[in-house]
Amino acid sequence: MSLSAQQTLASLTKLKETLSGEVACPGDEGYDYGITRWSDSCVKQAAYVVFPKSNADVSEAIKFAREQSLDLAICGGGHSFAGSSSTEGGVVIHLGKYINYARCDPEKRLLYVGGGATWEIVDKVGMEHGLATVAGNVNHTGVGGLSLGGGYGWLTGRYGMTVDNIVQLTVVLASGEIVTANEKEHPDLFWGCRGGGCNFGVVTEFVFKAHPQRPTVFVTYLLYTIDKLESILNAVGEWEENQGPDEGLHWGCHRPGTPTLLIIYFYNGEAAEGRKKAKMFYDVGALEFLAHHSTRVPFPDYFDNMLGPASERATEELPSRSILVTSHLLPATVEAIQAVLQAQEELIKIHPALVRSGLMFEASPKQAVMAVPLEATAYAGRGSGVEGMVFSFYQDPSLDDVVRTEVRQWAKIMTEKTPFAESVGTSYANLDPEAASSDAAKVFGSNYQRLREVKRMYDPENIWNKWHPIQPAELPN
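Residues numbered from 1 in each chain as written. Predicted model: local features only at pLDDT ≥ 70, side-chain atom pairs only at ≥ 80, totals over all residues. Heavy atoms only, no water.

Novice: What is the right way to read helix α8 (residues 229-242) from this model?
Specialist: Because the α-helix completes a turn every 3.6 residues, residues three or four places apart line up on one side. The terminal C-alpha atoms of α8, which comprises 14 residues, lie 20 Å apart, in line with the 20 Å expected from a rise of 1.5 Å per residue. Within the span of α8, buried status applies to L229, I232, L233, A235, V236 and W239. Along the axis of α8, the buried positions cluster into a sector of 160°, meaning they face one direction only. Opposite its buried face, α8 presents the exposed residues E230, N234, E241 and N242, each directed more than 90 degrees away. (Helix = DSSP H or I, 4+ residues; strand = E, 2+ residues; numbered from the N terminus. Expected span 1.5 Å × (residues − 1). Buried < 20%, exposed > 50% of the residue type's maximum accessible area, 1.4 Å probe, protein only. Arc of directions from axis to C-beta.)

Put into structure tokens, the structure is as follows:
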């Protein structure tokens, strides 16, 4: 055994003895759980997976990785389409096993959430007190990645983005130091984490504003034949002109089989009023009307049952690999959608296994989002556009490169055929499958230079480099 191997073994033994949590190596119990991700295309073979139970455990894991010159990755919910929560041969700090709690202070209207929690537990704990925050659109998404990257949800129209609802963070830095970040303590770090992702450290606890939330909401899910595309676009346009702050809309085209259009409409209010507000979608003439999704639904349960390509992946019957690309768009055109669908059909003829390909658009009233100045947080995508997504779900790992290339091409087609699509701001960085190698200057726009300064202060050696890596600013002469 070489001296370096002896030193590594000694360091690992010391780490295991120090931790209140656990370490798993390949072949150990719990290792497979530690490297499993929402999309199998993001699975990488880490050398070590650390399951911390405390901030001190996280600190020790960071020190161990740095002593061994090993790559570091942080895993919360494991939903990153870029594989940012994975590392090949490095150390994963996996928060999901133990640091996955949520508790509510109803008097202060605050939610305290562990960095490894998913939104499901946050929704349910908050609603025990009639409170909620701006969570993700799908409740099995991890809190950490969505929150640090921006965060849109069904309550965005009323309360803005998830980053706008963060009031405090507990962060373990690259040095191993544990700090509290808020408007008064480490304010630069607090600013940078709200949109700058995992570029500054491991966030082990979030504190969110909690808002009064009614116990039931109105939801309708409608399916249409593809020939209704122009009528659906007209209805979406009518809705966008009259939308209120308590509404939300997802719509798009999905397969397998004959392409089918879908509408998912959300109203945070009474069912009778919701039906009136959704009238333009009923008037188009649905192929199918899912009654159990067109009524009053308990608020947390809606996120359990919301249908769509993301939540479908939660079932064992669906393909386990996925690639998705998103961009800000003005209202999509018939020409753009038809061009993407045609490109998808051509690919499916060559690779029938890619039949679960489609498009999805997410729209919510943007007044609350735009009311926050761009420079108030690091998040740089406060454009007025709709989030347009193209995606493919599949099983065969040999198709990874094909799918990645084709999905990028579909996104390019959509942008090129949507007037002024590039004028509405930066793409939503949370859904970029190329996040590990992206041009951070384009992602963060006018906020990038300040982010570089914050990076120099808190991670000058660029230890955290998995998600739109920010280059530390140079020291002044």
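There is more to say, and it comes next.
Novice: Would you take a moment to explain the packing of aromatic side chains for this structure?
Specialist: Each aromatic ring pair is summarised here by two numbers: the centre-to-centre distance and the angle between the ring planes. Overall, the coordinates contain 13 aromatic pairs when judged by the stated rule. Ring geometry for Y152 versus Y379: centroids 6.5 Å apart, planes at 80°, classification edge-to-face. Here Y152 is found in the loop between α5 (143-149) and α6 (156-159), whereas its partner Y379 is found in the loop between α14 (367-370) and β19 (386-394), with 227 residues between them in sequence. You'll find Y152 and Y379 in the same group, each marked buried. Each residue in the set W38, F81, F391 and F393 is aromatic and connected to the rest through ring pairs, giving one cluster. Positioned above the aromatic ring of F190 is the side chain of R194, whose terminal nitrogen or guanidinium carbon lies 3.9 Å from the ring centre. Over the ring of W191 we find R450, and its NZ or CZ is 4.0 Å from the ring centre. (Phe/Tyr/Trp six-rings, centres within 6.5 Å; stacked < 30°, edge-to-face > 60°. Lys NZ or Arg CZ within 6 Å of the ring centre and 35° of its normal.)

Novice: What is the right way to read the sheet that holds strand β1 (residues 22-24) from this model?
Specialist: Whenever strands of a sheet pair, they do so through backbone hydrogen bonds, lying parallel or antiparallel. Ordered in space as β1-β2-β4-β3, the four strands form an open sheet in which the pairing is mixed. The open sheet is flanked by β1 and β3 (72-75), the only strands paired with a single partner. Sheet twist, expressed as the average angle between the axes of neighbouring strands with direction ignored, equals 20°. In terms of strand pairing, strand β2 (residues 48-51) meets strand β4 (residues 91-94) through three bridges, oriented parallel. Looking at β4, one finds that Y48 is bridged to V91. Running at roughly 175° to β4, helix α3 (residues 55-67) makes contact with β2, β3 and β4 of the sheet. (Pairing = 2+ DSSP bridges. Axes fitted to C-alpha atoms, helices over the stretch in contact; angles between N-to-C directions. Contact = heavy atoms within 4.5 Å.)

Novice: Got a minute to help me understand the pattern of salt bridges in this structure?
Specialist: Between side chains of opposite charge, a pair can form when the charged atoms approach closely. Evaluation of the coordinates by the stated rule reveals 17 salt bridges. The salt bridge involving E183 is made with R194; its shortest N-O contact spans 3.9 Å. On the criterion of sequence distance, the pair formed by E183 in the loop between β9 (178-181) and α7 (187-196) and R194 in helix α7 is long-range, its members being eleven residues apart. Classification of E183 as exposed rests on a relative accessible area of 56%. Taking relative accessible area as the criterion, R194 reaches 7% and is therefore assigned buried. Of the charged contacts in the structure, one is a salt bridge between E345 and R255, with a shortest N-O distance of 3.1 Å. (Salt bridge = Lys/Arg side-chain N within 4 Å of Asp/Glu carboxyl O.)

Novice: Would you mind going over the environment of G21 with me for this structure?
Specialist: Mapped onto the elements of the fold, G21 is located in the loop between α1 (3-18) and β1. Considered as a pair, G21 and Y98 are 77 residues apart in the sequence and their alpha carbons are 8.2 Å apart. Once residues lying within four places of it in the same chain are set aside, the contact partners of G21 are F51, K53 and D57.

Novice: I tried to follow the sheet that holds strand β10 (residues 202-209) on my own but got confused; where do I start?
Specialist: Read from one edge of the open sheet, five strands run β5-β6-β10-β8-β9, paired in antiparallel fashion. Of all strands in the sheet, those bounded by a partner on one side alone are β5 (102-105) and β9. Here the strands of the sheet are splayed against their neighbours by 15° on average, with no regard to which way each runs. On the sheet, α3 packs against β8 (166-172), β9 and β10 and is oriented at approximately 50° with respect to β8. Contacts from α7 reach β8 and β9, with the element oriented near 100° to β8.

Novice: What should I look at first to understand the packing of α8 against helix α13 (residues 334-350) in this one?
Specialist: Each pair of packed helices can be described by the angle between their axes along with the distance between the axes. At their nearest, the axes of α8 and α13 sit 10 Å apart, and the two run at 130° to each other. By the criterion of interaxial angle, the relationship of α8 to α13 is oblique. When you trace α8 past α13, the crossing you get is right-handed. Counting all contacts with α8, which are made through L229, E230 and L233, the residues of α13 involved are V334, I337 and Q338. (Parallel < 35°, antiparallel > 145°, perpendicular 65-115°, else oblique. Left-handed = near helix turned anticlockwise from the far one by under 90°.)

Novice: What's the story with the nonpolar core in this structure? I'm lost.
Specialist: The nonpolar side chains of soluble globular proteins are, as a tendency, buried together. One finds L169, L189 and V202 to be the most contacted residues of the largest nonpolar core, which totals 90 residues. Examining the composition of this core, we find that five residues originate from one element, α3, more than from any other. When sequence neighbours within four positions are dropped, the list of residues in contact with L189 reads V171, L173, V179, A181, F200, V454 and Y458. I232, L233, I323 and I337 belong to the second-largest nonpolar core, a separate cluster that totals 43 residues. (Core = buried A, V, L, I, M, F, W, Y, C linked by side-chain atoms within 4.5 Å.)

Novice: Is there a simple way to think about the environment of V143 in this case?
Specialist: Within the element layout of this structure, V143 appears in helix α5. The spatial distance from the C-alpha of V143 to the C-alpha of H79 is 10.0 Å, given a sequence separation of 64 residues.

Novice: Whenever I open this one, the pairing of β3 confuses me. Can you help?
Specialist: Within a regular strand, side chains alternate between the sheet's two faces. The alternating pattern of β3 places L72 and I74 and A73 and C75 on opposite faces, both of which are buried. Relative to β4, β3 runs parallel, the two sharing four bridges. Among the inter-strand pairings, I74 is bridged to a residue of β4, identified as I93.

Novice: Is there a simple way to explain unusual backbone geometry in this structure?
Specialist: One non-glycine residue with positive phi stands out, namely R109, at about 55°. Mapped onto the elements of the fold, R109 is located in the loop between β5 and β6 (110-114). In this structure R109 comes out as partly exposed when scored by relative accessible area, which is 44%. A positive phi angle, close to 55°, is found at N462, a residue other than glycine.

Novice: Explain the packing of α13 against helix α15 (residues 400-416) to me, please; I cannot follow it from the model alone.
Specialist: Where α13 meets α15, the axes come as close as 9 Å, and the angle between the chain directions of the two elements is 160°. Classed by the angle they form, the pair α13 and α15 counts as roughly antiparallel. Note on packing geometry: the crossing formed by α13 with α15 is right-handed. On α15, the residues touching A336, I337, A339, V340, A343, Q344 and L347 of α13 are V402, E406, W410, I413 and M414. Classifying every residue of the contact of α13 with α15 by side-chain character gives ten nonpolar, one polar and one charged. (Nonpolar A, V, L, I, M, F, W, Y, C, P; charged D, E, K, R; others polar.)

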